[in-house]
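# Coordinate analysis (summary)
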Amino acid sequence: MSAVHDHSHDHNHPHAEITQDGGPGYYDLMTAAVTELLVERGLFEAGEICRQIDVLDSRTPALGAKAVARAWMDPDFKRRLLADGRVGCEELGISFYDDTQLIVLENTERVHNLIVCTLCSCYPRPVLGLPPDWYKLKPYRARAISEPRAVLAEFGAQIPDDVEVRVSDSTAIVRYLVLPRRPAGTEQFSESELANLVTRDTMIGVAVIDPPGAPRQ
Amino acid sequence: MTDTEQLTKRLPNDIGGTSSDPIVWSDHEMAPWEKRCHALADVLDFHKIINTEEKRRGVESLGSEMVGKLTYYERWIVCFANLLYQKQILHPSDLARKMDEVAARFAEPAPSAES
C-alpha cells in the first residue's frame, strides 16, 4: 500500500503527475516519498491526505460570501462575526480545520480594508479556499503595505481619497477576512442573492462591490 | 546603509514594503501533486510534526537562490524534507531510497486498465 496509489475515490488527484518523459517530476516524487515514509513510520495514515484534499476542495469563496450576506441581513450575527470571526463562521457550519483565528474587518464609509501576508501566504483558507497565485507573489506582498492605493488601482478599485485604506498583515495563526460594504439598491435582495454579489477579491479587499446594474469600473 | 547591513535586516521572504513590479493577475489550476503537498502540510500541522511557523522559517532558510527559483510548492516539499532531517524523523538516505522506489514503480509497464 502506498500513499500515492491507494486513492479509492475518483476525484482529480489520482497519481503522481506525469511529465513529458513519462515519469513524475522530481518534486512530485519527493512529495510522494516523504508521505510514504511518514505513513510507514506510523506518524499518520495515508487516508488522512485524501481526506484533507477533500476538505481543501470543499473550501471556496462561497463560504465567505455566505457569512458576509448573513452579516448584512442580521445585525446580531454581524456583531458576533466581528467579535470573533471564527465563532461567527462556525455558527454557519463553516468548520475551521486548523488552529487559526479569524478577524473580520468591516468596510465602512470611512475605512476600506485590504489583507495581505507579507512574509508568505497566510490566508483565511477555511472560508475562502486556497489563495490565488498573485496573493503569494512578490509584487502584491511587497507593495500592498507601502502603496495600497496604487495596488488597488492596478486591480481597478478606486478608493476615494477621504476613505482611509487600512492594510492588515496576516500571520501563521491570525487571518483576516474583509466584510465589504453592502451596495445600494439591494434592499430587497434575498440572502442568497446578496451572497452572489460577494466575490473572493472583495473579501481580500482588492475590489469593491458595484451596485447591481452599474457598469463595471 | 551598506548592502551587507541590508542583508542582516531582511530574510529572503521579508519583502513587505520593498519596491516591486506592477501586480499581474495570475492564478493556475493546482497540479495534483501540489494539492497533495498542501494536504501533507496540513496533516503535518494537525499531528504537530511541522507547524505553519516552522514551515515559514524552513522556507526562509532555503536561502534566496532557492526561494527565487523554486515554485511555491517545490519550496514547501524541500523545506519539509529539511525539517524532517533536522528533527531526525527522516534521514536523507531514507528519502533518496524511497524516491528511487517511487520512480521505479512509475517506470514499470502500466498495469491493465482495471487495476
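Structure first, text after, so check above.
These remarks concern the structure in this document.

Parameters and conventions
Residues numbered from 1 in each chain as written. Chains lettered and ligands numbered in written order. Predicted model: local features only at pLDDT ≥ 70, side-chain atom pairs only at ≥ 80, totals over all residues. Heavy atoms only, no water. Core = buried A, V, L, I, M, F, W, Y, C linked by side-chain atoms within 4.5 Å. Buried < 20%, exposed > 50% of the residue type's maximum accessible area, 1.4 Å probe, protein only. Helix = DSSP H or I, 4+ residues; strand = E, 2+ residues; numbered from the N terminus. Contact = heavy atoms within 4.5 Å. Buried area = accessible area lost by both parts, 1.4 Å probe. Salt bridge = Lys/Arg side-chain N within 4 Å of Asp/Glu carboxyl O.

The next point concerns the nonpolar core. For soluble globular proteins, nonpolar side chains are generally found buried alongside one another. Core analysis: the largest hydrophobic core is formed by 47 residues, its most contacted members being Cys89, Val127, Tyr135, Tyr140 and Ile204 of chain A. Per-element tally for this core: the top contributor is helix α3 (residues 61-73) of chain A, with six residues. Excluding residues within four positions of it along the chain, Ile204 of chain A makes contact with Asn113, Leu114, Ile115, Tyr123, Leu128, Pro132, Trp134, Tyr135, Tyr140 and Val178 of chain A. Core analysis: the second largest hydrophobic core is formed by 44 residues, Ile53 of chain A together with Leu44, Ile49 and Leu95 of chain B among them.

With respect to burial, strand β2 (residues 111-116) of chain A is a largely interior element, six of its six residues being buried. Residue alternation in β2 of chain A divides its side chains into two sets, Val111, Asn113 and Ile115 of chain A and His112, Leu114 and Val116 of chain A, and both sets are buried.

Taken residue by residue, the interface counts 63 residues in chain A and 55 residues in chain B. Between chain A and chain B the total buried area reaches about 5300 Å² when both faces are included, carbon and sulfur atoms providing 68% of it. Together, Tyr27, Thr31 and Leu119 of chain A form the three largest contributors to the area buried by chain A at its contact with chain B, with a combined 11%. Viewed at the interface, chain B and chain A are joined by seven salt bridges. A salt bridge links Lys98 of chain B to Glu36 of chain A; the shortest N-O distance between them is 3.5 Å. Within the residue set of the side of chain A that touches chain B, elements represented by two or more residues are α1 (26-40), α2 (46-58), α7 (133-136), α8 (138-143), α9 (148-154) and α11 (200-204) of chain A. The element best represented in the side of chain A that touches chain B is α1 of chain A, accounting for 14 residues.

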